[in-house]
Each structure stands twice: as C-alpha cells, then as structure tokens.
Amino acid sequence: MAALPVLALLLLLLAWGGPPAAGQKRKEMVLSEKVNQLMEWASKRSVIRMNGDKFRRLVKAPPRNYSVIVMFTALQPHRQCVVCKQADEEYQILANSWRYSSAFTNKIFFAMVDFDEGSDVFQMLNMNSAPTFINFPAKGKPKRGDTYELQVRGFAAEQLARWVADRTDVNIRVIRPPNYAGPLMLGLLLAVIGGLVYLRGSNLDFLYNKTGWAFAALCFVLAMTSGQMWNHIRGPPYAHKNPHTGQVNYIHGSSQAQFVAETHIVLLFNGGVTLGMVLLHEAATSDMDVGKRKIMCIAGIGLVVLFFSWLLSVFRSKYHGYPYRYVFF
C-alpha cells in the first residue's frame, strides 16, 4: 500500500513534465518549418510576395524568432500609384543587397503585400495608405517606431537600411546596380568643351564671358536653394496621391519634408523673382529709351510681387500659424 503514493507521485510528475515537453517540441518543429519555407522563397526572390494566408501564418502567428520587413503597396496599373513603383525599386535594391551579402542569415526577411493580393491584410491592420513599411519584430507586436516615416525620411534604400538597422540591429550595406548615366554625361560635357576649344582655336574669349558664367552660377544657386541636394540625399517621392480622394499633393504639409515636385515649384518661383530683379536692374542702368525702361520696370515689379507672393504662400502652408502674407496670398 505504501507503494501507491509513490506510484501516484511518479505519474503526477510525468503528467506535468510530458505535455510541456511535447508542446515545446511541436513549437520548435513549426518554427523550423516556417524558417525553412521563408529561406526557400528568399533564395528565389529577395522580396517575398505574400497574400493574406501567408501573412497570417508566417508573420502574425507565433512562434517566430525572425523579423519581417513588410512593404504594403499597390502596384497594379489601375491603382495609378506612381510612388509605389518608385518605392518598390528602392525596396528591391535594399532586399537584394541583404540577400547577396556575406552576412545574410535567417534573422530578417523582406516581404511585400499588394493590396490586390491581400486586401484583407490591409483591413486587418486598419491601413488606408500605400506604400507603407512596417517591421514585425521577432518578439512581440510592432511598436510605434516599427512603422517607417515615409513622408519624413523618403524611400531611398539607404534611408530604409538605416531604419532597419535601428529596429533590428541588422546592418545592410546598400549596393546599387551600376549607373553609367553620370559618366556618360560627364564624358559628353568634356567632349563639348573640347570641341569648342578645338573649333575656336586661339580665340578663347568665350571663356571670359561674364554673362555666361553668371548664368551658370545662377542656375546652380537656384537648384541648391530649391532643395535639389535634399532630394538627392533623402530620395522623397515626386508627389503624394490620396488613395481615397485621388487628390494629388505637390507641396508637403510639413516643414520637415518635401516632395520632388515641390522643389521644382520653388525653383520656378525663385527664378521668377530673380528675373524680376534683373529687369529692375536693367531698367535702372541701361541706356535704352525711357519708354522701354518703364515697361521693364513694370514687368520687373509684377514678377517680383507675383512670384514672391506665391513663394510666401508655400512657406505659410508648411509653417502653420505663420501670421504674415504678401499682397494677396
């Protein structure tokens, strides 16, 4: 009879120790299957395309010991999402840089959910805009910082890589495909300069033309003050189209970011103000008759007033609460 309590104790210990061990083993098997499946897909395509079922099984459902960077987009032509296509090109560059690097592991994967292939995923996440990048960490749910600030940072592969390193501690060295446009343009410029020197022979007075150098310097200044270098570094979208209303915004609503179209608009406005100032200067210093000088003066004043007023209106739209306006804007 004394052996019965001991036997009962042993059975109780087995009962407590058995199921957890079996559950842990099954969990490891499921995790291994998921990782193997993702690795197989990643070996074929750097960016894994997912529908609703794949997303729920491989990204949302535990267990998971890997991070997944997911781009939610709308690439079908009838969606007319130009920004989605531009962002997709940079995203592919980032994913390829990771896939073909020597540091490639199963710690992080890159995936994509297109609206036409996974609209249920968009509904599940209450997502109403594209493109959107979200990091689904290996443990827990995505936090606020796991959603990429596209409007602020732009979608350049280098900016995405910095964000990925911040969220996952995985450093990716972005390797872009060779672009021969720059060397070709430089070679063409050198060829044109060399041809001019050869044709003009000993007459190199054109190199001392102040008007030509002034025009070149003015073009450079206008390009830089409009934000072209910021575009080159940040890689922002050209414009933003509201997916619900279809309205296209060319001016970014924040003072911390801008669109490519916005720099072109600002460049045009600055050019208009500059042209007006040049006309005013010529009207005051030229030797033309008084009638023509008056016309130039009126035209110059009109250009300055009109374009500077537009330029100030852009400033007011980005710096909300700015109390001043110029003339009628």
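Residues numbered from 1 in each chain as written. Predicted model: local features only at pLDDT ≥ 70, side-chain atom pairs only at ≥ 80, totals over all residues. Heavy atoms only, no water.

### What about the pattern of salt bridges?
Here's step 1: Within this structure, the stated rule accounts for ten salt bridges.
Here's step 2: Here Glu262 makes a salt bridge to Lys318, at a shortest N to O gap of 3.1 Å. One end of the pair, Glu262, is in helix H10 (residues 260-285); the other, Lys318, is in helix H11 (residues 290-318), and 56 residues separate them in sequence.
Here's step 3: Accessibility expressed as a relative area gives 11% for Lys318, which makes it buried.
Here's step 4: Three or more residues are tied together by salt bridges with common partners; here these are Asp53, Arg56 and Asp120. (Salt bridge = Lys/Arg side-chain N within 4 Å of Asp/Glu carboxyl O. Helix = DSSP H or I, 4+ residues; strand = E, 2+ residues; numbered from the N terminus. Buried < 20%, exposed > 50% of the residue type's maximum accessible area, 1.4 Å probe, protein only.)

### Some remarks on the UniProt feature "transmembrane region" (unreviewed entry) in the protein
Here's step 1: Annotation from UniProt places "transmembrane region" (unreviewed entry) at residues 180-199, 211-230, 265-283 and 295-315.
Here's step 2: For residues 211-230, the helix share is 95%, the strand share is 0%, and the end-to-end C-alpha distance is 28 Å.
Here's step 3: From the first C-alpha to the last, residues 265-283 spans 27 Å; its make-up is 100% helix and 0% strand. (UniProt positions renumbered as here; feature names shortened; annotations may be inferred.)

### Some details on the nonpolar core
Here's step 1: Ranked by internal contacts, the top residues of the largest apolar core, which has 29 residues, are Tyr91, Leu94, Phe110, Phe133 and Val164.
Here's step 2: For this core, the secondary-structure elements that each account for two or more residues are strand S2 (67-73), helix H3 (82-99), strand S3 (108-114) and helix H6 (157-168).
Here's step 3: It is H3 that provides the largest number of residues to this core, a total of eight residues.
Here's step 4: Contacts of Phe133, omitting those with residues within four sequence positions, involve Val70, Met71, Ala87, Tyr91, Asp146, Thr147, Tyr148, Leu150, Leu160 and Trp163.
Here's step 5: The next biggest cluster of nonpolar side chains, apart from the first, holds 21 residues, and it includes Ala42, Val59, Phe109 and Ala111. (Core = buried A, V, L, I, M, F, W, Y, C linked by side-chain atoms within 4.5 Å. Contact = heavy atoms within 4.5 Å.)

### Here we look at the packing of aromatic side chains
Here's step 1: The tally for this structure, following the rule as stated, stands at 15 aromatic pairs.
Here's step 2: Their ring planes at 70° and their centres at 6.0 Å tell us that Phe55 and Phe72 sit as a pair that is edge-to-face. One end of the pair, Phe55, is in helix H2 (residues 52-60); the other, Phe72, is in strand S2, and 17 residues separate them in sequence.
Here's step 3: The class of Phe55 is buried, set by a relative accessible area of 0%. (Phe/Tyr/Trp six-rings, centres within 6.5 Å; stacked < 30°, edge-to-face > 60°.)

### Description of the sheet that holds S2
Here's step 1: The four strands are arranged S1-S3-S2-S4 in an open sheet whose pairing can be described as mixed. If you trace the sheet from one side to the other, it starts and ends with strand S1 (47-49) and strand S4 (132-136), each paired once. Strand-to-strand twist across the sheet, computed as the mean angle between neighbouring axes with direction ignored, equals 30°.
Here's step 2: Taken together, the seven bridges between S2 and S3 define a ladder with parallel strand orientation. For Thr73, the partnering residue across the bridge sits in S3 and is Asp114.
Here's step 3: H6 contacts S2, S3 and S4 of the sheet and is inclined by roughly 25° relative to S4. (Pairing = 2+ DSSP bridges. Axes fitted to C-alpha atoms, helices over the stretch in contact; angles between N-to-C directions.)

### Some words on the side chain of Thr168
Here's step 1: Looking at the secondary structure, you find Thr168 in helix H6.
Here's step 2: Here Thr168 falls in the buried class, since its relative accessible area comes to 7%.
Here's step 3: Engagement of the side chain of Thr168 in a polar contact is seen with the backbone oxygen of Val164, the distance being 2.6 Å.
Here's step 4: Among residues more than four places away in sequence, those in contact with Thr168 are Ser67, Lys107, Ile108 and Asn135. (Polar contact = N/O pair within 3.5 Å; in protein donor to acceptor, adjacent residues only side chain to side chain.)

### Quick look at a nonpolar patch on the surface
Here's step 1: Together, Phe220, Val221, Met224, Met229 and Ile233 line one region of the surface with nonpolar side chains, adding up to about 470 Å² of accessible area.
Here's step 2: The set of elements that each furnish at least two residues to the nonpolar patch consists of helix H8 (210-226) and helix H9 (228-234).
Here's step 3: Ranked by the residues each element gives to the nonpolar patch, the list is headed by H8, at three residues. (Patch = residues over 30% accessible without salt bridge, like charges linked within 9 Å, V, L, I, M, F, W, Y side chains within 5 Å. Areas by Shrake-Rupley, 256 points an atom, 1.4 Å probe, with all protein chains shown as cover.)

### Here's the deal with H3
Here's step 1: With 18 residues, H3 extends 26 Å between its outermost C-alpha atoms, agreeing within 8% with the 26 Å of an ideal straight helix rising 1.5 Å per residue.
Here's step 2: Buried residues of H3: Val83, Cys84, Ala87, Asp88, Glu90, Tyr91, Ile93, Leu94, Ala95, Ser97 and Trp98, and no others.
Here's step 3: Of the surrounding elements, those touching the buried residues of H3 are S1, S2, S3, S4 and H6. (Expected span 1.5 Å × (residues − 1).)

### Examining the packing of H10 against H11
Here's step 1: With their axes 7 Å apart at the nearest point, H10 and H11 run at an angle of 155° to one another. Between H10 and H11, the interaxial angle falls into the category roughly antiparallel. The two elements H10 and H11 cross, and the hand of that crossing is left-handed. (Parallel < 35°, antiparallel > 145°, perpendicular 65-115°, else oblique. Left-handed = near helix turned anticlockwise from the far one by under 90°.)

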